[in-house]
Amino acid sequence: MSSARTSAETGVHDDPIKEEYCKGHIEKTDIYLRRRDYYLFQDNMLFISALSAIERFRWPQAVLAMVGLISLCHIILDAEKKKHGDLFRVGPDAVVISDSEAWNQITSARSPYTRGLWYGGTRFDYRGPNVITELDMPKHGKRKSKLASAFSGKHLAILEAKTDKWIAALITTIRAKITNGNETLDIGRMIQYFQVDLITDLGVGQAWKDLEEDKDHFGYLKMSDLVLPVIQSFSFLPLARALYSSIWFMKLFGPKTTDTNGLGLFLGILEKEVKSRFSHNTPKSDASFDILDEWIRHGVPANECQFDLALLVPAGSETTAMMIKGTLLHLMSSPMIYQKAKQEIKNEIAAGRISSPVTNEEAKSLEYMQAIVREGLRLMVPVNFGFPKRVPDSGDTLCGTFLPAGTDIYVNYHSMMRNKEVFGEDADSFRPERFLGSGPNNAHMVKVVELAFGNGRFMCLGKVLAWIEMNKLFIELLRNFDFQITNPEKPWSRASYTTWIVYDFWVRVTEDTTIGDAKHL
Ligand code: HEM
């Protein structure tokens with residue numbers, strides 16, 4: 001509880017509850033109980049009662065309910081948003097928000113908000129925090145600014161060249177499968193292989209070659225599909241989170257660099273690579289750029305290099321892969337949009353306006369393809385829910401409700417991206433046309449979609465890379481191939497946590513023989 005402050009100090013004159021709180025006359029819990037419009041425990045909704053039950057130590061029910069239900073959390077949260085509005089409570093000290101203006105304000109560059117303890121629960125290495133699990137904001141800011149150089153300036157051209165290289169590898173692999181008579185393939189898995197190869201190549205200059213060998217090396221993806229749901233479910237439960245992210249627990253049960261498979265093996269490989277670079281003190285030339293060298297040049301210490309490289313693989317692969325898979329599914333399910341996209345690519349090739357492969361700059365001038373990317377990112381927003389920001393000492397009023405200091409505000413991106421007031425009555429439909437034109441509402445929609453990457457000092461570190469990929473990949477895939485869903489009744493299986501997991505995304509892929517220059521790779 002923050003110390004007593006006067007209304008003159010806090011500037012609070014208009015809200016008696018807020019004023020009492022700021023003067024220190026009432027506790028945070030009183031505020032929740034006094035505010036009828038804010039008191040949601042009358043809801044018998046399992047998700048909310050699961051979260052609230054933690055505080056009452058009804059452990060077994062809470063844990064079971066959470067783990068069982070959270071794989072549908074986007075549906076549950078969206079239903080609650082429809083009932084209670086843009087801000088509602090999910091725990092004694094926690095609310096969920098889907099209002100884009102408020103989220104923009106909370107996460108702005110100079111925001112006094114800090115990270116909630118939830119962030120610490122995503123840690124997977126007992127030896128130390130990575131940049132995303134660092135809770136000390138000044139430390140986080142310093143650390144992040146050193147990491148950011150690898151994603152900016154002269155390195156952008158290298159990010160683009162590596163993206164081209166791995167898109168080419170993806171296309172070669174798909175083509176080889178078609179030639180061998182395997183037109184039906186799990187495109188979801190292939191996109192994950194593509195992402196892992198791209199990120200490992202960028203990270204340490206050596207891809208795992210998942211695509212080339214058609215193999216989930218080190219069982220990394222299998223392990224991540226198993227571990228992510230557990231970590232992402234338990235991270236919402238304060239006591240569980242404190243337990244499993246404690247150093248002794250992680251030492252006993254977490255991944256270790258001596259493991260022979262999965263996450264531990266992966267950490268071990270990174271440890272070796274980082275040690276070798278530091279002991280040889282030989283950063284590579286610009287031509288053979290990788291992120292590790294860039295970080296060493298910027299004075300990132302060896303242990304942080306290890307932890308942050310280990311973060312890049314899940315942070316950089318699961319997210320972009322989800323967006324790509326989701327957009328492909330929408331394209332395949334929307335024949336008119338699919339054909340319009342192909343026609344735009346055809347026209348641009350015929351007019352000699354796009355190279356092979358398309359450059360990032362050229363890709364940005366394909367208006368319809370850009371609209372598809374935004375619409376795909378919006379409807380298949382890769383980060384679904386989570387990433388709480390903690391209300392500063394003065395408290396704050398959001399969506400008309402006063403929130404006391406220390407309240408965690410979780411974002412509900414899924415509902416934010418489907419807000420009818422922002423995106424129109426058909427916000428649930430895949431309709432890229434909504435982004436065509438340049439009216440003020442268009443600019444506003446674009447800004448809201450950008451929030452999918454976070455904002456201000458909470459911004460995603462790999463945003464620029466993700467945009468290069470998204471700009472190019474769909475153009476390259478569609479100029480080479482045609483895609484068709486194999487099972488219209490169940491095109492894939494998908495579970496939602498903070499991020500998503502997609503299984504069994506089988507599609508039929510054939511060569512597109514109608515677009516002239518397709519065989520460029
Ligand atoms: C479509 C793709 C992506 C989306 C939607 C996305 C979204 C996000 C979001 C919402 C956050 C958390 C922001 C917050 O704290 O509020 C984040 C953080 C982060 N992302 Fe991404 N991301 C994507 C791709 C990538 C890629 C490709 C990389 C790396 C190569 C990456 C690396 C990171 C890192 C390192 C952080 C932590 C930043 C920090 O500590 O402040 N992401 N991302």
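As named in an unreviewed UniProt entry, the protein is Cytochrome P450, taken from Xylaria flabelliformis.

K.L.:
I'd like a description of the coordination of the iron atom of the ligand, backed by residues and values.
P.N.:
Looking at the protein side alone, the iron atom of the ligand has one donor only, Cys460 (SG), at 2.3 Å. Following the sequence through the fold, Cys460 ends up in the loop between helix H23 (440-450) and helix H24 (463-480).

K.L.:
Summarise the packing of helix H10 (residues 187-204) against H24; cite the residues concerned and give the values.
P.N.:
With their axes 13 Å apart at the nearest point, H10 and H24 run at an angle of 135° to one another. In this view, H10 runs oblique relative to H24, as classed from their interaxial angle. The two elements H10 and H24 cross, and the hand of that crossing is right-handed. Contacts from Phe194, Gln195, Leu198, Ile199 and Leu202 of H10 reach H24 at Leu465, Glu469 and Leu473. Split by residue class, the contact of H10 with H24 holds six nonpolar, one polar and one charged.

K.L.:
Quick one: what's the story with the pattern of salt bridges, residue by residue and with numbers?
P.N.:
As enumerated under the stated definition, the model contains 33 salt bridges in all. Residues Arg378 and Glu375 are paired through a salt bridge, measuring 2.9 Å at the closest nitrogen-oxygen approach. Placement of both Arg378 and Glu375 in helix H20 (residues 367-379) is noted, with a separation of three residues, approximately one turn of the helix. For Arg378, a relative accessible area of 0% gives the class buried. Asp428 serves as the salt-bridge partner of Arg418, at 3.4 Å between the closest nitrogen and oxygen. Of this pair, Arg418 sits in the loop between helix H21 (413-416) and helix H22 (420-423) while Asp428 sits in the loop between H22 and H23, placing them ten residues apart in sequence. Taking the relative accessible area as the measure of exposure, Arg418 reaches 18% and is therefore buried. Among the charged side chains, a network of salt bridges with common partners joins Glu375, Arg378, Asp426, Arg431 and Arg434.

K.L.:
Tell me what's going on with the site of the ligand, and back it up with residues and numbers.
P.N.:
In the region of the ligand, 28 residues are neighbours, and Tyr119, Lys144, Lys389, Phe458 and Cys460 sit closest. In this structure, Tyr119 approaches the ligand through a side-chain N or O atom, which is 2.7 Å from an oxygen atom. One nitrogen or oxygen atom from the main chain of Ala315 is found 3.5 Å from a nitrogen atom belonging to the ligand. When contributions to the shell around the ligand are tallied by element, the ones reaching two or more residues are helix H8 (137-148), helix H17 (302-332), strand E5 (385-390) and H24. Partitioning the shell around the ligand into residue classes produces 19 nonpolar, six polar and three charged.

K.L.:
Describe the pairing of strand E11 (residues 500-503), and please don't skip the residues or the numbers.
P.N.:
For strand E10 (residues 493-496) and E11, the ladder comprises four bridges, and the chain directions are antiparallel. Looking at E11, one finds that Ser493 is bridged to Tyr503. The turn linking E10 back onto E11 is made up of three residues.

K.L.:
So, unusual backbone geometry: which residues are in play, and what are the values?
P.N.:
Of the consecutive residues Ser356 and Pro357, the connecting peptide bond is found in the cis state with omega at 0°. In this fold, Pro357 is placed in the loop between helix H18 (335-350) and helix H19 (360-364). Positive phi values are uncommon outside glycine, yet Phe387 reaches one of about 40°. The residue Phe387 is located in strand E5 in this model.

K.L.:
Could you give me a rundown of the nonpolar core, with the residues and numbers involved?
P.N.:
If you look at the biggest cluster of nonpolar residues, it comprises 134 residues, and the most contacted ones within it are Ile174, Ile409 and Phe483. With 14 residues, H17 is the largest single contributor of residues to this core. For Ile409, the contacting residues outside a window of four places in its chain are Val95, Ile97, Trp103, Ile106, Tyr113, Phe387, Pro388, Lys389, Val391, Leu398 and Leu403.

K.L.:
Lay out the environment of Ile501 with the relevant residues and their values.
P.N.:
Take Ile501: it is sitting in strand E11. In the structure, Ile501 is positioned 370 residues away from Val131 in sequence and 23 Å away in space, judged by C-alpha atoms. Contact partners of Ile501, with chain neighbours within four places excluded, come to Asp225, Pro229, Ser493, Arg494 and Ala495.

The rules behind these values
- Residues numbered from 1 in each chain as written.
- Predicted model: local features only at pLDDT ≥ 70, side-chain atom pairs only at ≥ 80, totals over all residues.
- Heavy atoms only, no water.
- Donors = N, O, S within 2.8 Å, 3.2 Å for Na, K, Ca; no water.
- Helix = DSSP H or I, 4+ residues; strand = E, 2+ residues; numbered from the N terminus.
- Axes fitted to C-alpha atoms, helices over the stretch in contact; angles between N-to-C directions.
- Parallel < 35°, antiparallel > 145°, perpendicular 65-115°, else oblique.
- Left-handed = near helix turned anticlockwise from the far one by under 90°.
- Contact = heavy atoms within 4.5 Å.
- Nonpolar A, V, L, I, M, F, W, Y, C, P; charged D, E, K, R; others polar.
- Salt bridge = Lys/Arg side-chain N within 4 Å of Asp/Glu carboxyl O.
- Buried < 20%, exposed > 50% of the residue type's maximum accessible area, 1.4 Å probe, protein only.
- Near = heavy atom within 4 Å.
- Polar contact = N/O pair within 3.5 Å; in protein donor to acceptor, adjacent residues only side chain to side chain.
- Pairing = 2+ DSSP bridges.
- Core = buried A, V, L, I, M, F, W, Y, C linked by side-chain atoms within 4.5 Å.

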